[in-house]
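Observations on the model geometry
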Amino acid sequence: MRGKTCLITGATSGIGLEAAEELARRGASLILVGRDERRADAARRRIVGRVKGAEVAFRLADLSRLAELRRLAADLLATAGRIDVLINNAGAFFDRHALTEDGWERTFALNHMSYFVLANLLLPRLQEAGAARIVNVASEAHRGATPDFSDLTGRRGAKGWPAYRRSKLANILFTAEFARRLGAGGVTVNCLHPGFVATRFGDSGNGLATRVLLGLAKRFIAISPQEGARTIVHLASAPEVATVSGRYFIKSRQAQPSPAAQDGAAAHRLWEESARLAGLSA
């Protein structure tokens, strides 16, 4: 990874931070994206303190807002130089319904639209790097979910587990359609299930009952952030996946997602609708 730059969203804690540190150990320069300047500074200091010679930059952005995604992308294109790996990791679970300033349910906005918009806006810079990679953090939570194109943005009350499952299904459909559009050679795009990980996931924006249940689950059945980051690092750096694209991985191995996640027509429609919402060319 020496000479390569990795851009990682949601990198100030959890699996994003663990992946960032490991990629720095392998020689990559890092650009971390988060919304909390204090945690970002702590993440940067941790990595620089543990990895000799680590190069770590930070960009502040609220990835649930379209204007912020556009501002971030413009800033990166103007100042960041090359980008070899984009890791879309930022995500959250919300048990209360709320809309963003764009009129999108916030799970849909952060967990899907941020991936879609950032990857599309940064694609020219990734293509300049040659054999670049996009890594999307999805989840096994997608199983059993189906797209709801009658209320894709979740305005009519989507929330909690159903909204989260649909957002993770969207990550896999987006990955497959993006790979189809990119074709062979150049930029690859893959997605993964990191496992159920003991992180800050679900600790904010939720009611007490949800926080307690998630806290108990994370205490007794979750894996460590270090374990959860392994497949992210594998997809970002392993030579054997350099030409693999449009695939879903679990524990660094290719896996079959649900039948709904393999629906090409749904993937195409999700792309078209997402592009329309973001004001991007389909």
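Per-chain numbering applies: the sequence of each chain, read as written, is numbered from 1 onward. Local features in this predicted model are restricted to residues whose pLDDT is 70 or higher, and side-chain atom pairs enter the listing and the counts only when it is 80 or higher, whereas totals over whole chains, interfaces and linings include all residues. Heavy atoms from the whole structure form the basis of all side-chain values; hydrogens and water molecules are not counted.

Description of the pattern of salt bridges
Opposite charge on two side chains allows them to pair when their charged atoms are near. What counts here: Salt bridges are counted wherever a side-chain nitrogen of Lys or Arg sits within 4 Å of a carboxyl oxygen of Asp or Glu. What counts as a helix is a DSSP run of H or I of at least four residues, what counts as a strand is a run of E of at least two, and both are numbered from the N terminus.
If you walk through the whole model with that rule in mind, you get 19 salt bridges. Among the salt bridges present, the one from Glu21 reaches Arg25, with a minimum N-O distance of 2.6 Å. One end of the pair, Glu21, and the other, Arg25, are both in helix H1 (residues 14–25), four residues apart, so they sit about a helical turn from each other. With a closest N to O distance of 3.5 Å, Asp41 and Arg44 form a salt bridge. With Asp41 and Arg44 both in helix H2 (residues 37–50) and three residues apart, this pair spans about one turn of that helix. Several salt bridges converge on common partners, so that one network encompasses Glu18, Glu21, Arg25, Arg46 and Arg50.

A closer look at the environment of Leu32
Spelled out, the test is: Summary of the burial criterion: residues with accessible area below 20% of their type's maximum are buried, those above 50% are exposed, and those between are partly exposed, where the area comes from a 1.4 Å probe applied to protein chains only. Should any heavy atoms of two residues lie within 4.5 Å, those residues are counted as being in contact.
As for its placement among the helices and strands, Leu32 is situated in strand E2 (residues 29–34). The buried category is assigned to Leu32, whose relative accessible area is 0%. Distance from Leu32 to Ala11, taken between C-alpha atoms, is 5.6 Å for residues 21 residues apart in sequence. Apart from residues lying up to four places away in sequence, Leu32 is in contact with Ile8, Ala11, Ala20, Ala43, Ile47, Val56, Ala57, Phe58 and Arg59.

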